[in-house]
Amino acid sequence: MFQAIQDRASDIHFEPFEDEFKIRYRVDGALYEMAPPPKHLAIPVISRIKVMANLNIAERRVPQDGRIQLPVAGRQVDLRVSTLPTQFGESVVLRVLDRTVVNLELESLGMPAEILDRLKELIRTPNGIVIVTGPTGSGKTTTLYSCLKRINTIDLKLLTAEDPVEYDLEGIMQVPVNEAIGMTFARALRSFLRQDPDVIMVGEMRDLETAQISIQAALTGHLVFTTLHTNDAPGAITRMIDMGVEPFLISSTLEAVLAQRLIRTICKRCRVAYEPTDAILGEIGLGRADVQDRPFYYGKGCPNCNEIGYKGRKGLFELMIISEPILELINLRAPAGVIRAKALELGMRTLREDGVRCILNGETTVEEVLKYT
């Protein structure tokens, strides 16, 4: 665990198989295997983790969740623990929440200047809904926390419903959602409206009920932040309509949708320039004229980045502002493709275009951008 946290791992996996006990960890989104301990240690190691997380060690047939707080290398680290019964014993995954590593400043997210400026305006709107979308692990929560931190002043009451609460934010009421006892997002939201809030964050808009209460909150003068799992910004609208939300309610409350991905950045110490071939340029939709003489880069691998060639990650962003023309399309129940085409016409930059900008700036590789956009 010490080694994993030193290497800035986000998750640690303990996996029992028939003949071996594997340990892998995820750094910058990619999994790496560690030297495996002997097979016979699987049960004692997993039991020890369960004891530390206050889980029931006698119960090995159902999944369990818990958390461990422990000092590692002189700093307090939070570990979210999840166990899963498998054929050869329990598999355990620890999600590492290292508060010292996370920087919750909006400027440090690496957004293009125009998106950052628009987002700063959006988080100051008195009411409405702002949605952040993307797959699991694309940094949505970090973006929302950064927004909340920016507007967290003494004159605003901020409430969050999260599953689970990832980081403690000073001065914000954070409520953990617990489905098992009936404390759902919808139920938390309902009671939020009686707590006289100004800004509400809902960890995820999972169902129609949560969506409806979020809209009700926005209509009654609250600013609501939430997340959805969709591939791009226009997809969020069709997703809400699929859930059963009436289009006129979406168009009267939705302010903007921010889609994002996390891509690995090239290690600064071993990056090597090369001239891209026409085939590579074609894959990302560029011509020779777009690139001129700019070199592309890749990481050769060095001790600094554990011979991987990548170190650290940055975000790619796509911001769709809900303007008049888009409102009309929402009311007509237009498909995502049509909304997307309109947003592009109105100047939205896609995730892929933001990726290409990062390639041209020498921050990441063509492979990374193609993999995530």
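Residues numbered from 1 in each chain as written. Predicted model: local features only at pLDDT ≥ 70, side-chain atom pairs only at ≥ 80, totals over all residues. Heavy atoms only, no water.

Participant: Go over the sheet that holds strand 4 (residues 64-72) with me, naming the residues and quoting the values.
Facilitator: Spatial strand order, 3-2-1-6-5-4: six strands in an open sheet with antiparallel pairing. Among the strands making up the open sheet, the edge pair consists of strand 3 (30-33) and strand 4. Adjacent strand axes in the sheet meet at a mean angle of 25°, parallel and antiparallel pairs treated alike. Sheet analysis places strand 1 (residues 9-16) next to strand 2 (residues 21-27), joined by seven bridges and oriented antiparallel. Residue pairing in the sheet places Phe14 in a bridge with Ile23 of strand 2. (Pairing = 2+ DSSP bridges. Helix = DSSP H or I, 4+ residues; strand = E, 2+ residues; numbered from the N terminus. Axes fitted to C-alpha atoms, helices over the stretch in contact; angles between N-to-C directions.)

Participant: Can you tell me about the confidence of the model for the protein chain, naming the residues and giving the values?
Facilitator: Averaged over every residue, the pLDDT of the protein chain is 93; the share at 70 or more is 99%. Here helix 10 (residues 288-291) is the element of the protein chain with the lowest mean pLDDT, 86, and strand 7 (residues 128-133) is the one with the highest, 98. (pLDDT = per-residue confidence, 0-100.)

Participant: Before we move on, could you go through the environment of Gly312 and cite the residues and values that matter?
Facilitator: Position of Gly312 relative to the elements: it lies in strand 15 (residues 310-321). Linking Gly312 and Arg80, residues 232 residues apart in sequence, is a C-alpha distance of 22 Å.

Participant: How would you summarise the sheet that holds strand 7 if you had to cite specific residues and measurements?
Facilitator: Sheet strands line up and pair through hydrogen bonds in the backbone, either parallel or antiparallel. With mixed pairing, the seven strands of this open sheet are ordered in space as 9-8-10-11-7-12-15. Only two strands of the sheet have a single partner each, and these edge strands are strand 9 (173-176) and strand 15. Neighbour-to-neighbour, the strand axes of this sheet turn through a mean angle of 20°, independent of strand direction. The pairing of strand 8 (residues 158-162) with strand 9 spans four bridges and is classified as parallel. Of the residues in strand 9, the one forming a bridge with Ala161 is Val175.

Participant: Can you explain the packing of aromatic side chains? Please cite residues and give values.
Facilitator: The description of an aromatic ring pair uses the distance of the two centres, along with the angle that the planes make with each other. Under the criterion given, the structure shown has four aromatic pairs. With a centroid separation of 6.0 Å and 75° between ring planes, the pair formed by Tyr145 and Tyr167 is classed as edge-to-face. You can see Tyr145 sitting in helix 4 (residues 140-151) and its partner Tyr167 sitting in the loop between strand 8 and strand 9, a full 22 residues away along the chain. Residue Tyr145 is classed as buried on the basis of its relative accessible area of 1%. With a centroid separation of 6.3 Å and an interplanar angle of 80°, the aromatic rings of Tyr274 and Phe296 are classed as edge-to-face. (Phe/Tyr/Trp six-rings, centres within 6.5 Å; stacked < 30°, edge-to-face > 60°. Buried < 20%, exposed > 50% of the residue type's maximum accessible area, 1.4 Å probe, protein only.)

Participant: Describe unusual backbone geometry, with residues and values.
Facilitator: Look at the link from Asp163 to Pro164: it is a cis peptide, with omega at -15°. Relative to the elements of secondary structure, Pro164 occurs in the loop between strand 8 and strand 9. The phi torsion at Asp28 lies on the positive side, around 50°, for a residue other than glycine. Within the secondary structure layout, Asp28 lies in the loop between strand 2 and strand 3.

Participant: Tell me about the pairing of strand 12 (residues 254-266), residues and numbers included.
Facilitator: Across the 13 residues of strand 12, 11 count as buried, placing the element largely inside the fold. Bridge analysis of strand 7 against strand 12 gives five bridges, and the strand direction is parallel. Along strand 12, the bridge assignment pairs Val130 with Ala256. Pairing between strand 12 and strand 15: 10 bridges, direction antiparallel. Opposite Arg264, over in strand 15, you have Arg313 as the bridge partner.

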